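For reference, the chains in residue letters:
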Amino acid sequence: MESFVSTGLIGVSLGVQYALLALGFTLIFGILGVVNFSHGGFYVLGGYVAYASVHYLGAPYPLAVVLAVLASGILGYLFELFLLERVVEDHLSTLMLTLGLFLVMSTGILVTFGPESPQFTFPVTGTWRYGNYYLPKENLIVLSVCVVTIGAVYLLMYKTDFGRALRALADDRRVAAAQGIRPRLLFPLAFALATALAGLTGALVTPILCLAPHLADPVLATSFLIVILGGLGSVGGATLAAFIVGMVEAYSSVYLGGSKGALALFVFVLIMLVIRPSGLFGQEVHGA
Amino acid sequence: MATASTSVTAGKAQHEGELHVDAIGKQFGGLKVFDQVSFKLLPGDILGVVGPNGAGKTTLINIISGLLFPTHGRITLGGHDITRTVFHGRSRMGVIRSFQQTSTFRPATVRENIARAIRFSHGSEMPPRGMDALMKRFELSDRLDEQSDKLPYGLQKMLGLVLAYVTSPKVLLLDEPAAGLEIRERGRVDDFVHHVREELGCGMLIVEHDMDLIRRLCPQIMVLDSGRILAEGPPADVLARPEVIAAYMGAAEEVAEQC
Amino acid sequence: MTDRFRSFVRFCGAAELTSIGILVLAFGIPLLSSSPFLVSLVTQILIAIPAAFSVYVMLRMDLMTFAVPAFMAMGAYSAAIVGLRAGITDTIVLTALSFAVPALVALPLGALVLRLRGVYFVLVTFLLSQITQLLLFETPKLTGGSNGLAGMPATTLFGVALEDNRAVLFLAIALALLAAAITMVLTRYYRQHFAAIKENQILAESLGLVVWHYKMLGFAVAAGLAGIAGFSLVNMLLTAHPSSFSAMSSVDYIAYTIVGGAGSMFGPIVGSALLVTANNMFSNRGEYSPGFFGLLIIIVVLAMKDGIVGTAIKLAQRYRGRSRRIVLTPTQIPLQPAAAAEQTPVADQTVER
C-alpha cells in the first residue's frame, strides 16, 4: 500500500514537472498557433546551461537555474523576433522553422558538450519521509518550484494586462491588433516565456533524472502527448493531462516495466486525437 | 453517403429537383439556433431569404447543402431523404451552393477552374447549355488563361457562380452573391439568375442583404429572425409588414446599444 | 505517331520524364567508376528517393506527413520477416509485399486520421511513427525487439542472388524507378483532384468531388512508397533494426523534399541527392549533419520556398523574359467552333506548381 501511495507521489511530482513543461508548449500553440518542435531542445538547453554554470562558472545551483531560464528566454525571444515573425501566419512554415532551430540547437549542444551524459546532480540529497510514505527531497523541492511557477504563470495570464493581451491575440490576431495590441511586440515575449519555462524545467529536472543531448526527442514526444491529450491551447487541460501522464508513467514503470505504459498512452492519445481532436478541453479544431 | 428512401408522399411523384425542407431545427448544446423551418423549393422557384444578421441565413444554407446536419426535421430532394447525406454526396445529387467569400481554385486559370468543376460534377467534358453566353456576359471568355486569383474581386465572385452553374445543379443555393460587389456590378447577379432560370430551370434560394436585388429577382421571400421564419410571401408585401420592420429595427437598436 | 508521343509526354510531364531519365542513367554508374564509396553513396540516395516521393505525394494534397518512418518500418520488416522466417527471397514478391503491407495498413489508419489537416495531421503522423517504433521494440517475438532482425538472406531475382554491391545498387535503382513510375502515374492522372484538394478542398467538395477517396488513395500510395524505401534499406543492410525508423528521422525525408522543391517530382530527387551526399561528407563529424539540415530548412523556408528546383525554374523563366507563369496544364474546354478558334493552344508546361 505504501509503495502504491509512494508511487503515486512520484506520479504527482512527475505530473507537476510535465505540467510545467507542457505549459510552455501549449501557450505557444494557443497564442501563436505554432507547434514548437524545438521545445525539447530548450529543455535540454536549460539543463546544460545550468550544468555549465555550476561546473564551469562555479555558480550556486539556484543562480544556475536563473541563468538557464534567461538563456532559454533570450534565445527564444530572438528567434521569434528575427525568424518566426516573418512566417508566423503560415503554420506549416513556422513548424518547419522551429524544426530547423531544433536541429541546429541539438547539434550545437552535442558539439559543445559531447554525447556523453555529464555528471549533473541535484545539490540537495536525501529523502523526505512521512510515516511509511517517502519522496526524495529533490522531487519535493522541484515540485514546489513547479507549483509556484505554474501559479505565477496563471496569474500572469489571467490577472495582468500582458496576459489578457496575449489571450486576445490567441483568439484573433487581427482583431486584437486593431484594438491596439501589438503582436510584433508581444509574440516574441510570449515565445520567450514559453522557451524560458522549458529551460526552467530542464534546469530543475535534469539533475534529478538525467542530462544528455538525446533527451530532446522523448521530451518533445511527451510534450506532444500531454498537450494533445489536454487539448492544444488549453492550459487547464494540459495541466490535467500532465498529471494523467505522470501517474501512468509512474505506475507503469513500477508495475509493468519497459515502455509498455508509454505505448499504451501513445495509442490512447492517438485514438483521442482522432475522435476528439480538441483533446479534453481544447479549442475547436478547424482544419488547417 | 447518399441514402435513398421513398418519401412520405410516395404516390405523388415528385420532380427530381424538388426540395422539401420539413421542420428542421438545429441545436448547439442548449442553444436553439434554428427552429421549425419548413418550405418547398420547386424547379423554377426563386426564393429569397432575408433577415437581420445572426438570423440563421447562412446556417440555413449550411444545413441544406450538408455542411451541418439538423438536429430535427427532414430534407428531401425529389422524394429522397437527404437529411443525413454528406456534403459531397448532396453536391453529386445536384444540391449546389455558392460561397459568400470568393471561392475559386486560386492559382489555377479560369479555364482550369471550369474544367475541374465539370470533371468533379459529372465527369464528362461537356459544359452545360448556356455556358458560352454566360461566360461572355461575365466577360470571362477572353480571360480564360488568367489565374483566377489575379482577377478583380467582382470577376472572381462571378467565376464562383459560374462554377456552380457548370455542375448543372438541380437546386442552387446562393449565399450573398452580391456581397462585396460594387453597385454597378450587381446587375451581373441579375443576369446570372435570369440565365439560370432560362437555361437550367432549377430552383434557386438566394440569401441576400441587398433588398433591391431581392425585390427585383425574387417573386417569393422568406424572412428569418433568430432562427425562425418570421414571414413569407411576395417581397413588396412581406417587407412592409410591421413585425418584419420591427425585427430589422430591433436588430438596429441592439447594434446602437453596443456602440 | 508524333502526336500520340507528344500527348504522352504532356501527360507524363517534363519533370517526371527527366526524373525517370536520370534514374535510368544511374544504371551506368558502375561503368564510370568502380569506387565503392560512390556506389554506396548512390545506393543511399536511391533508398532515400522513394521515401522523399512519399512526402511529395502527401504534400500535393497539402498534407505534411511525419509517418514515413512508420510505413518504411512496415515495408522493411515485412520483407525481413518473410525472408528470415519463410525463406522467401524473390525480389518481385518482396517488393510487392513491402508496398502492399503499408498501403493496406494505411487504409484503416487513413480513415481515422485523414479528417485532420495542418498541424493536427503533423502531430498525429508523428505519434504514429513514435508508436510504430515503440511497437518494434516491444514485440521481440515478431520483430526481434531491440536486437532487430539480422542476417536476412540476400534477395534473389529469378534465382540469382543479388549479393554484391553492384547488384544492391541495381536493385535500389529499380526500386527507385518503380517508385518514380508509381508517383508519376498517381500525380499526373489525379493532378486535378489533388490540386483541387490542396487549393480549396471545400470548393472541390461543393462541386461534387468525393475528397476522402482521393486522400485515402494518396495516403495509401504514399505509405506503399515508403514501404518500398524500407525494403530498399534492409536490402542494403540485410538487417532490420528499430533505430533506422525513429520518429525524428521523418524530418530527413521531409527535408529532402522541401529543400529539393515540392513543386515537382524532380525536387525530391535533387533534395535526396544533395542532402544524402552532404550527410556523407560529414562522415567523420556526423554530429554536425543535423545542424546543417536545420540551417538548410531555415534558409529554404525563409528564402527559397519552392526549394532548389522550383527556385531555379523561376529564375530561368525570369531570365528568359517570358511572361509565362508556372501554371497547371489546363484541360481544353470544347467551346463552340467560333470560340474554339480564339483559344490559345494549351501551353506546354515545364514544371507544375
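Residues numbered from 1 in each chain as written. Chains lettered and ligands numbered in written order. Predicted model: local features only at pLDDT ≥ 70, side-chain atom pairs only at ≥ 80, totals over all residues. Heavy atoms only, no water.

Colleague: Please give an account of the overall build of chain C that cites residues and values.
Modeller: Helix and strand content of chain C: 16 helices and four strands. Radius of gyration (C-alpha) of chain C: 21 Å, near the 20 Å computed for a compact globule of 353 residues. When the backbone C-alpha atoms are referred to their principal axes, chain C occupies close to 70 × 50 × 45 Å. Looking at the 353 residues of chain C, the share that counts as buried comes to 58%. Contacts in chain C between residues far apart in sequence, at least 24 positions, make up 80% of those at least 6 positions apart. Counting every atom, chain C has about 14300 Å² of accessible surface; 65% of that belongs to carbon and sulfur. Treating the 22 positive side-chain charges of chain C as one cloud and the 15 negative ones as another, the clouds have centres 6 Å apart. (Helix = DSSP H or I, 4+ residues; strand = E, 2+ residues; numbered from the N terminus. Rg over C-alpha atoms; globule rule 2.2 N^0.38 Å. Buried < 20%, exposed > 50% of the residue type's maximum accessible area, 1.4 Å probe, protein only. Contact = heavy atoms within 4.5 Å. Areas by Shrake-Rupley, 256 points an atom, 1.4 Å probe, with all protein chains shown as cover. Lys, Arg positive; Asp, Glu negative; His and termini not counted. Charge placed at Lys NZ, Arg CZ, Asp CG, Glu CD.)

Colleague: Hey, could you go over the confidence of the model for chain B for me, with residue numbers and the actual values?
Modeller: Of all residues in chain B, 90% attain a pLDDT of 70 or more, and the chain-wide mean is 85. Predicted confidence for residues 1-12 of chain B stays below pLDDT 50, and this span has 18 contacts to residues more than four positions away or in other chains. (pLDDT = per-residue confidence, 0-100.)

Colleague: I'd like a description of the sheet that holds strand β6 (residues 95-97) of chain B, backed by residues and values.
Modeller: By definition, the strands of a sheet pair up through backbone hydrogen bonds, in either a parallel or an antiparallel sense. Residues and elements named next belong to chain B. Strand order in the open sheet made by the six strands is β6-β7-β8-β3-β9-β10, with mixed pairing throughout. Every interior strand has two partners, whereas the edge strands, β6 and β10 (228-233), have only one. Ignoring which end each strand starts from, the neighbouring axes of this sheet average 20° apart. One ladder, built from three bridges, connects β6 with strand β7 (residues 171-175); its direction is parallel. Looking at β7, one finds that Arg 97 is bridged to Leu 173. (Pairing = 2+ DSSP bridges. Axes fitted to C-alpha atoms, helices over the stretch in contact; angles between N-to-C directions.)

Colleague: Hey, could you go over the side chain of B:Asn113 for me, with residue numbers and the actual values?
Modeller: All names here are of chain B. Structurally, Asn 113 is set in helix α3 (residues 110-122). The buried category is assigned to Asn 113, whose relative accessible area is 0%. In this structure Asn 113 touches Thr 104, Phe 105, Ala 108, Ser 148, Leu 159 and Leu 163, once residues within four positions along its chain are discounted.

Colleague: Lay out the sheet that holds strand β5 (residues 80-81) of chain B in plain terms, naming residues and giving numbers.
Modeller: Residues and elements named next belong to chain B. Strand order across the open sheet formed by four strands is β2-β1-β4-β5, with antiparallel pairing between neighbours. The open sheet is flanked by β2 (31-41) and β5, the only strands paired with a single partner. The strands that helix α1 (residues 57-65) touches are β1 (19-28), β2 and β4 (72-77); relative to β2, the one it contacts most, it runs at about 65°.

Colleague: Which residues make up the arrangement of the chains, and what are the values?
Modeller: No other pair among the two pairs of chains in contact exceeds the contact count of chains A and C. At the level of C-alpha atoms, the two units chain A and chain B stay apart, their nearest approach being 13 Å.

Colleague: Give a detailed account of the environment of C:Gly21, specifying residues and quantitative values.
Modeller: Note that C:Gly21 resides in helix α2 (residues 14-25). Its relative accessible area of 29% is what places C:Gly21 among the partly exposed residues.

Colleague: I'd love a proper account of the packing of aromatic side chains, names of residues and values included.
Modeller: Tallied over the full model, the rule gives 28 aromatic pairs over all chains. Between A:Tyr51 and A:Phe120 the ring centres are 5.7 Å apart and the planes differ by 70°, which places this aromatic pair in the edge-to-face class. You can see A:Tyr51 sitting in helix α2 (residues 39-56) and its partner A:Phe120 sitting in the loop between α4 (91-113) and β1 (127-130), a full 69 residues away along the chain. Owing to a relative accessible area of 10%, A:Tyr51 belongs among the buried residues under this scheme. Pairing C:Tyr256 with C:Phe293 gives two aromatic rings, centres 6.1 Å apart and planes at 65°, and the pair type is edge-to-face. Of this pair, C:Tyr256 sits in helix α12 (residues 250-260) while C:Phe293 sits in helix α14 (residues 289-303), and the two are 37 residues apart along the sequence. The pair C:Tyr256 / C:Phe293 is uniform in exposure class, with both members buried. Looking at B:Arg116, its charged tip hangs above the ring of B:Phe105, at a distance of 4.9 Å from the centre. (Phe/Tyr/Trp six-rings, centres within 6.5 Å; stacked < 30°, edge-to-face > 60°. Lys NZ or Arg CZ within 6 Å of the ring centre and 35° of its normal.)

Colleague: So what's going on with the nonpolar core? Residues and values would help.
Modeller: Soluble globular proteins tend to bury their nonpolar side chains together. In terms of nonpolar packing, the biggest core is built from 254 residues, with A:Phe37, B:Ile114 and C:Phe66 touching the most fellow members. With 16 residues, helix α4 (residues 36-59) of chain C is the single largest residue contributor to this core. Counting the residues that make up this core, at least three belong to each of domain 1 (25-247) and domain 2 (261-323) of chain C. With near-sequence residues (within four places) excluded, C:Phe66 lies in contact with A:Phe37, A:Leu95, A:Leu99, C:Val122, C:Thr125, C:Phe126, C:Ser129, C:Ser250, C:Val251 and C:Ile254. The next biggest cluster of nonpolar side chains, apart from the first, holds 25 residues, and it includes B:Leu41, B:Ile63, B:Leu205 and B:Val207. (Core = buried A, V, L, I, M, F, W, Y, C linked by side-chain atoms within 4.5 Å. Domains from an automatic or database assignment.)

Colleague: Go over the pattern of salt bridges with me, naming the residues and quoting the values.
Modeller: If charged atoms from side chains of opposite charge come close, those side chains can pair. Under the counting rule described, the total for this entry stands at 17 salt bridges over all chains. Notably, a salt bridge pairs B:Arg97 with B:Asp175, separated by 3.2 Å at the nearest N-O pair. Taken together, the residues B:Arg97 in strand β6 and B:Asp175 in strand β7 connect sequence positions 78 residues apart. Overlapping salt bridges bring together B:Glu112, B:Arg116, C:Arg191 and C:Glu199 as one network. (Salt bridge = Lys/Arg side-chain N within 4 Å of Asp/Glu carboxyl O.)

Colleague: Could you give me a rundown of the domain arrangement of chain C, with the residues and numbers involved?
Modeller: Residue and element names in this part refer to chain C. Taken as a whole, chain C is organised into domain 1 (25-247) and domain 2 (261-323). Of note, the centres of domain 1 and domain 2, computed from C-alpha atoms alone, are 22 Å apart. The interface is formed by 14 residues belonging to domain 1 together with eleven residues belonging to domain 2. Taken together, both faces of the contact between domain 1 and domain 2 bury some 1100 Å²; the carbon and sulfur share is 78%. Applying the counting rule to domain 1 against domain 2 returns zero salt bridges. Put simply, domain 1 and domain 2 have three residue pairs in polar contact (both at pLDDT 80 or more) between them. The element best represented in the side of domain 1 that touches domain 2 is α4, accounting for ten residues. In terms of residue class, the side of domain 1 that touches domain 2 is built from eleven nonpolar, two polar and one charged. (Buried area = accessible area lost by both parts, 1.4 Å probe. Polar contact = N/O pair within 3.5 Å; in protein donor to acceptor, adjacent residues only side chain to side chain. Nonpolar A, V, L, I, M, F, W, Y, C, P; charged D, E, K, R; others polar.)

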